[in-house]
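Summary of structural features
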Amino acid sequence: MTDAAPPLKSQRFRREREAQWKRLDAIVTKAEKKSLRTLSDQEILDLPVLYRGALSSLSVARATSLDAGLIAYLESLSARAYFFVYGARTSPSKQVASFFRDAWPQAVRGLWRETLVSVAALVLGAVMAAWLMGQEADWFYAFVDGGLASGRDPTASAESLRETLYHDEGSSGLSAFAAFLFTHNAQIALVAFALGFAFGAPTLIVLLANGAMLGAMIHVFASKGLGYEFGGWLAIHGVTELFAVILAGAAGLRIGWAVAFPGRMARLDAAAAAGRQGSLVLVGVVVMLFCAGLLEGFGRQLITHDGARYAVAAVTALIWALYFYAPRRAPRAGSDGS
């Protein structure tokens, strides 16, 4: 009997409040498909009341550790409703500020399980590639495209590899390099997110492949006694870049999980809710990749001291950790931010 208590508790909680959630979902969906102007007077009056009720339900669901599917649904519903309750009263600049202050960090925190899986996939790919290259160096060409390697392969000498770590391309070259890397990494993140619908399996493959490429490059430099130097070269931009790819993968995995295990929701509704949450994360991921492109194309080339590179990497890691995961006070339901 004790084992059945949590499911029964969750079912009772849902049964008592589900009608209000569906009412809010219907109003928000109508506003999304058309506009706020199409809402009736009663719907406009109900919207903020139902929104506060959804926030209250979300708070209770989190505090009592109800099922993850219900919490994800309420997070998505609350985020959607927020923009219609408060967004219409604020300027575009305040809406952008609200996104970076509340919506994006909240969406990222909601994906913490998928984020850990993404990290594990990336690390597993790197370890496997490094181990295989330890057995046979030619495995490198299975993991890294020759054009992308640009001569940084197992046949390169230590001197030529060292030169690539400290070479100054000039300001014009740096600008072009930054633009290229932003486009390349954005494509990786989009693919990792977009392929999540196939139960998350292609997303995991993308993460494993990128981890393998990273592990192969680390092995090349480490085998020539340049592991520490390569770590600084990579870390100055890699902290932001890899974290962005990890978050994009996490968003894709959330969609795949929702498709595979929709819980009490219809499969398409579960996938749509996960997709809306993932989209919030992906918008922020593009910003992160832009920052990584600047660090890659400018900071990494202009800062050539290994200690300074590691210091920049540590600072960026601390900034992202505090931004996403530091405890913060939840926004008040009745505040419009004005």
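Here, the structure is the one placed above.
Summary of the structure given here.

Criteria and cut-off values
- Per-chain numbering applies: the sequence of each chain, read as written, is numbered from 1 onward.
- A pLDDT threshold of at least 70 governs which residues receive local features in this predicted model, and a stricter bar of 80 or more applies before side-chain atom pairs are shown or counted, although totals over entire chains, interfaces and linings include all residues.
- Only hydrogens and water are removed before side-chain values are computed, so all heavy atoms of the structure are retained for them.
- Going along the chain from the N terminus, every DSSP run of H or I of four or more residues is numbered as a helix, and every run of E of two or more is numbered as a strand.
- Classification of residues uses two cut-offs on accessible area relative to the type maximum, computed with a 1.4 Å probe and protein chains only: under 20% is buried, over 50% is exposed, and between them is partly exposed.
- Under the convention used here, a 1.4 Å probe and the Shrake-Rupley method define accessible areas, while residue burial counts only the protein chains that appear.
- In the sections that follow, a salt bridge refers to a side-chain nitrogen of Lys or Arg positioned within 4 Å of a carboxyl oxygen of Asp or Glu.
- As used here, the term nonpolar core means buried Ala, Val, Leu, Ile, Met, Phe, Trp, Tyr and Cys residues forming a set that is joined through side-chain atoms within 4.5 Å.
- Contacts are assigned to residue pairs with any non-hydrogen atoms lying within 4.5 Å of each other.
- The span one expects for a helix is its residue count, reduced by one, times 1.5 Å.
- Bending is quantified residue by residue as the angle between axes fitted to the seven-residue window ending at that residue and the seven-residue window starting at it.
- Any residue with relative accessible area above 30% and no salt bridge may belong to a patch, with like charges joined within 9 Å and the nonpolar Val, Leu, Ile, Met, Phe, Trp and Tyr side chains within 5 Å.
- Between N-to-C directions, angles span 0 to 180 degrees; the directions come from axes that are lines fitted to C-alpha atoms, helices contributing only their stretch in contact.
- The cut-offs work like this: below 35 degrees is roughly parallel, past 145 is roughly antiparallel, 65 to 115 is roughly perpendicular, and the gaps in between are oblique.
- Residue type decides the class: Asp, Glu, Lys and Arg count as charged, Ala, Val, Leu, Ile, Met, Phe, Trp, Tyr, Cys and Pro as nonpolar, and the leftover types, Gly among them, as polar.

**Looking at the overall build of the protein**
If you tally the helices and strands in the protein, you get 13 helices and zero strands. The order of helices and strands in the protein, counted from the N terminus, is α-α-α-α-α-α-α-α-α-α-α-α-α. Looking at the protein residue by residue over its 338 residues, the buried ones come to 44%. Accessible area of the protein: about 17,200 Å², with a carbon and sulfur share of 66%.

**Some remarks on the pattern of salt bridges**
Per the stated rule, a full pass over the model turns up eight salt bridges. Ionic pairing is found between Asp46 and Arg23, a salt bridge with its closest N-O pair at 2.9 Å. With Asp46 in helix α2 (residues 41-63) and Arg23 in helix α1 (residues 5-33), the pair connects residues that are 23 residues apart, well separated along the chain. A salt bridge links Glu43 to Lys30; its shortest N-O distance comes to 3.2 Å. Of this pair, Glu43 sits in helix α2 while Lys30 sits in helix α1, and the two are 13 residues apart along the sequence. The buried category is assigned to Glu43, whose relative accessible area is 13%. Residues participating in the shared-partner salt-bridge network are Asp25, Glu32 and Arg80.

**Comments concerning the nonpolar core**
Among the nonpolar cores identified, the biggest contains 55 residues, and Leu24, Leu247, Val281, Val285, Met288 and Phe324 are the most heavily contacted of them. Sorting the residues of this core by element identifies α1, α2, α3 (68-85), α4 (92-109), α9 (170-194), α11 (227-260), α12 (267-302) and α13 (306-325) as the ones contributing at least two each. Considering each element in turn, this core owes the most residues, 10 residues, to α12. Dropping the residues within four chain positions of it, Val281 is found in contact with Trp104, Ala107, Val108, Leu111, Leu247 and Ala251. Within the second largest apolar cluster, 16 residues are counted, among which are Val144, Ala156, Leu165 and Leu226.

**A look at α11**
Compared with an ideal rise of 1.5 Å per residue, which puts 34 residues at 50 Å, α11 spans 41 Å between its outermost C-alpha atoms and falls more than 12% short. At Gly238, α11 shows its strongest bend, of approximately 55 degrees.

**A look at a nonpolar patch on the surface**
Among the surface-exposed residues, Val119, Val123 and Val127 lie close enough to one another that they form a single nonpolar patch of about 220 Å² accessible area. Tracing the sequence through the fold places Val127 in helix α5 (residues 112-135).

**Some words on the packing of helix α10 (residues 201-223) against α11**
At their nearest, the axes of α10 and α11 sit 11 Å apart, and the two run at 175 degrees to each other. The angle between α10 and α11 places the two elements in the roughly antiparallel class. Of the residues in α11, those touching α10 at Thr203, Leu204, Leu207, Leu214, Met217, Ile218, Phe221 and Ala222 are Gly227, Phe230, Leu234, Leu242, Val245, Gly249, Gly252 and Leu253. When its residues are assigned to classes, the contact of α10 with α11 shows 12 nonpolar, four polar and no charged.

**Examining the side chain of Ser76**
Residue placement: Ser76 occurs in helix α3. With a relative accessible area of 5%, Ser76 lands in the buried category. In this view, Ser76 contacts Ala273 and Arg276; residues no more than four positions away in its chain are not counted.

**Topic: α3**
Given a rise of 1.5 Å per residue, 18 residues ought to cover 26 Å, and the 25 Å separating the end C-alpha atoms of α3 matches this to within 8%. Among the 18 residues that make up α3, 14 are buried, leaving the element largely enclosed by the rest of the structure.

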